[in-house]
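Okay, here's what each chain looks like letter by letter:
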Amino acid sequence: MTSGQPRPGGQEPTLTISEVVERTGLSHDTLRYYEKAGLIERVGRTTGNQRRYAAADLAWLEFLIRLRGTGMSIADMQRFAELRSRGGATVPERLAMLRAHRADLADRMSALHRNAAALDDKIDHYERLLDQPGTDDET
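Residues numbered from 1 in each chain as written. Predicted model: local features only at pLDDT ≥ 70, side-chain atom pairs only at ≥ 80, totals over all residues. Heavy atoms only, no water.

**Structural notes on the overall build of the protein**
Along its length, the protein carries five helices and two strands. Taken from the N to the C terminus, the helices and strands of the protein come in the order β-α-α-β-α-α-α. Within the protein, the fraction of its 139 residues that count as buried is 27%. Considering only contacts in the protein between residues 6 or more positions apart, those separated by 24 or more positions represent 49%. Approximately 9,200 Å² of the protein is accessible, and the part contributed by carbon and sulfur atoms is 52%. (Helix = DSSP H or I, 4+ residues; strand = E, 2+ residues; numbered from the N terminus. Buried < 20%, exposed > 50% of the residue type's maximum accessible area, 1.4 Å probe, protein only. Contact = heavy atoms within 4.5 Å. Areas by Shrake-Rupley, 256 points an atom, 1.4 Å probe, with all protein chains shown as cover.)

Structure representation (structure tokens):
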């Protein structure tokens, strides 16, 4: 992530907050919240104090969106971000977190598949009832 400091070679962040909103689907408020909550480090700013995001910032945000989309809690995302900010020594902890989250996700996906199958069975049941006029069913 950026630290708000100029990049090597004078390269500055290139995306405005509005461009990041457009690319990620996150709101302005969510981006500000993510920064305040420590999910993203302080983003580089222009002399006019406007946030400017680099490609690396966007890639990290996209990963956070995936973590959130798979049900990771904000607290766990904060923990992961904090570990990430501490560097390579935390790779084993980050890997363990992701493996545990992936296992939880697999369990939830399995439960969703079972629930979807039960819904499909009920849909089939009601479609058969519609094909048989006069049949009364209370389930």
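**Brief notes about the pattern of salt bridges**
Between side chains of opposite charge, a pair can form as their charged atoms come close. Applying the stated criterion across every chain, the model contains seven salt bridges. Close ionic contact of R45 with E35 constitutes a salt bridge, the shortest N to O distance being 3.8 Å. Placement of R45 in the loop between α2 (28-36) and β2 (52-53) and of E35 in helix α2 is noted, with a sequence separation of 10 residues between them. The class of E35 is buried, set by a relative accessible area of 11%. Close ionic contact of E82 with R86 constitutes a salt bridge, the shortest N to O distance being 3.1 Å. Taking the relative accessible area as the measure of exposure, E82 reaches 31% and is therefore partly exposed. Of the residues examined, R86 reaches a relative accessible area of 46% and is grouped as partly exposed. When salt bridges that share partners are traced, they join E35, R42, R45 and R51 into one network. (Salt bridge = Lys/Arg side-chain N within 4 Å of Asp/Glu carboxyl O.)

**Focus on the packing of aromatic side chains**
In the structure shown here, the tally under the stated rule is four aromatic pairs. Taking 5.9 Å as the distance between ring centres and 35° as the angle between the ring planes, the aromatic pair formed by W60 and F63 counts as tilted. Of this pair, W60 and F63 both sit in helix α3 (residues 55-69), three residues apart, roughly one helical turn. With a centroid separation of 6.1 Å and an interplanar angle of 15°, the aromatic rings of W60 and F80 are classed as stacked. Remark: F80 occurs in helix α4 (residues 74-85) and W60 occurs in helix α3; sequence separation between them is 20 residues. There is no split in this pair, since W60 and F80 are both buried. Here the aromatic cluster, defined as three or more aromatic residues joined through ring pairs, consists of W60, F63 and F80. Above the face of the W60 ring, R84 is positioned so that its terminal group lies 3.8 Å from the ring centre. (Phe/Tyr/Trp six-rings, centres within 6.5 Å; stacked < 30°, edge-to-face > 60°. Lys NZ or Arg CZ within 6 Å of the ring centre and 35° of its normal.)

**Quick look at unusual backbone geometry**
The phi torsion of most residues other than glycine is negative, and most of the peptide bonds are trans. Phi at N49 is positive, roughly 70°, even though this residue is not glycine. Checked against the element boundaries, N49 lands in the loop between α2 and β2.

**Examining helix α5 (residues 91-131)**
Taking 1.5 Å per residue as the helical rise, α5 with its 41 residues ought to reach 60 Å, and the 58 Å between its terminal C-alpha atoms agrees with that figure. For α5, every residue scored as buried is listed here: R94, M97, H101, L105 and L129. (Expected span 1.5 Å × (residues − 1).)

**Focus: the side chain of T24**
Within the secondary structure, T24 is located in helix α1 (residues 17-24). Taking the relative accessible area as the measure of exposure, T24 reaches 16% and is therefore buried. Not counting residues within four places of it along the chain, the set of residues in contact with T24 comprises L58 and I65.

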